[in-house]
Amino acid sequence: MTDQTSRRTFLQAAGAGSTLALAGCVGSYANSGQPEGKGGDSGTESGSGTSDGNSSGTLKAGGSSTVFPIANTAGSVWSSNPPADDKEYWGPSQYGIDTDESLADYWAGLYGFEGGDSGNPPFRVSVGLSHSGTGLEKLKKGLVDIGNASAPVDAELPDASEEELNKFKNHVVGVDAQPIVVSSEIKEAGVTKLTAEEVKQIYTGEIENWSEISSYSGEEKEIQAVGRSVGSGTDTAFRANMLGSPDAKMPGVDVRKGQNQQVKTLVQKSNNAIAYMALAFVTPDVPAVKLSFDGKVYEPGKNLAEKSYPLSRDLHCYTYDGTSKKEAAFLRMIVSEFGQQKYVETQGYAKLTAERRKEEKQKLPETTK
């Protein structure tokens, strides 16, 4: 088997296709009860902390299932370390980067890391899956190097002191616009648009039957309101943006799920559900509906990335007590124009603007070359 074939086989198995990677990771982490991140690619923990940020040990990330498709795809390609002539996964000249180095060798080399033997990367990247609050707690405890979150740390850890919060370094890697999705049968019965007030009333328990929605033309049917697990960034962002506070009560919720993939599966199998989830998980059999807010209609595929959309939120990769060179190398790749095109836009999220990319790069340690 050639090196190129081996590399492509690895990428296919390890998660360059985010849907397969997510399904596999849910099976490894979420269902087994194993915490993510600490034991390399297996997803199990061992030891009490991460390796030295300037060493060649595995870089470990974990947390939000919303950020997971970005970080996991980037980490899988990084660990495969494709050569410069692999235009599918690297091809630096396509992005105005002048180098003949393999992908991980180039980005890690900006911080003084030397390339590995036989095409191996200077260090590998392992990305686990749970949700934002768990990822940030593990980051604080030193169990991962990067905590992925789809809500700000002060919303995820509301009891933390200002001194503690200041230890978290926020790196924004993309923008998500949470859509409202419904079961296919509900959309087919005429619910192609909801007002923000209707969504709020559903989740606060004031509206309990689809017949109470004026556009619905089907038989009376109770609403199954699906929420994300308390502590997930998606749930925190929804409460803050739609209900006015990250601590807002949602007595209308019938069931909560830990990951976006689980929400998607539940809505797909139901005939009466409504849910909020990351944009990257919308499919034809889990359709998103338009949302009317402050007199403007927001439509998936058109204008959800606008700042005025109430469910638009930043996606974060947090570091703790500064940002090591190892962490900076990986994050610099993701926030670069190359990374934004290959790992953010391809997952269904909005890229950072040129101005925001510049801001994020300025948060990172200076490169050594």
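Note on numbering: residues in each chain are counted from 1, in written sequence order. Local features are withheld for residues below a pLDDT of 70 in this predicted model, meaning they are given only at 70 or higher, and side-chain atom pairs are given and counted only at 80 or more; totals for whole chains, interfaces and linings count all residues. Based on all heavy atoms of the structure, the side-chain values leave hydrogens and waters out of the count.

1. Re unusual backbone geometry
Turning to step 1, where the next piece is worked out: Here Asn81, not a glycine, exhibits a phi torsion of approximately 55°, which is positive.
Turning to step 2, where the next piece is worked out: In DSSP terms, a helix is any run of H or I states spanning at least four residues, a strand is any run of E spanning at least two, and both are numbered starting from the N terminus. Relative to the elements of secondary structure, Asn81 occurs in the loop between helix H3 (68–80) and helix H4 (103–109).
Turning to step 3, where the next piece is worked out: To sort residues, take the accessible area from a 1.4 Å probe on protein chains only and compare it with the maximum for the residue type: under 20% means buried, over 50% means exposed, and anything in between is partly exposed. By relative accessible area, which is 0% here, Asn81 ends up buried.
Turning to step 4, where the next piece is worked out: With a phi close to 55°, Asp321 is a non-glycine residue in the positive phi region.
Turning to step 5, where the next piece is worked out: Mapped onto the elements of the fold, Asp321 is located in the loop between strand S12 (312–320) and helix H12 (325–335).
Turning to step 6, where the next piece is worked out: Classification of Asp321 by relative accessible area gives exposed; the value is 57%.

2. Things to note about the confidence of the model for the protein chain
Interpreting fine coordinate detail is not advised for predicted regions of low pLDDT.
Turning to step 1, where the next piece is worked out: Scored between 0 and 100, pLDDT is the confidence that the predictor attaches to each residue. Here the protein chain averages 86 in pLDDT, while 85% of its residues score no lower than 70.
Turning to step 2, where the next piece is worked out: In this analysis, two residues are considered to be in contact whenever any of their non-hydrogen atoms come within 4.5 Å of each other. Segment residues 1–49 is flagged for pLDDT under 50; beyond a separation of four residues in sequence, or across chains, it makes 105 contacts in the model.

3. Things to note about the sheet that holds strand S4 (residues 168–177)
Turning to step 1, where the next piece is worked out: Strands pair, by our definition, only if DSSP identifies at least two bridges between them. Taken in spatial order, the 5 strands of this open sheet run S2-S1-S3-S12-S4, and their pairing is mixed. Looking along the sheet, the strands with just one partner apiece sit at the ends: strand S2 (125–127) and S4. Strand-to-strand twist of the sheet, defined as the mean angle between neighbouring strand axes without regard to direction, takes the value 20°.
Turning to step 2, where the next piece is worked out: Both strand S1 (residues 59–63) and S2 contribute to a ladder of 3 bridges, which runs parallel. Bridged to Lys60 within S2 is Ser126.
Turning to step 3, where the next piece is worked out: Axes here mean lines fitted to C-alpha atoms, for a helix over just the part in contact, with angles spanning 0 to 180 degrees between N-to-C directions. On top of the sheet, helix H5 (residues 132–140) reaches S1, strand S3 (146–149), S4 and S12; it is set at about 160° to S3, its chief contact.

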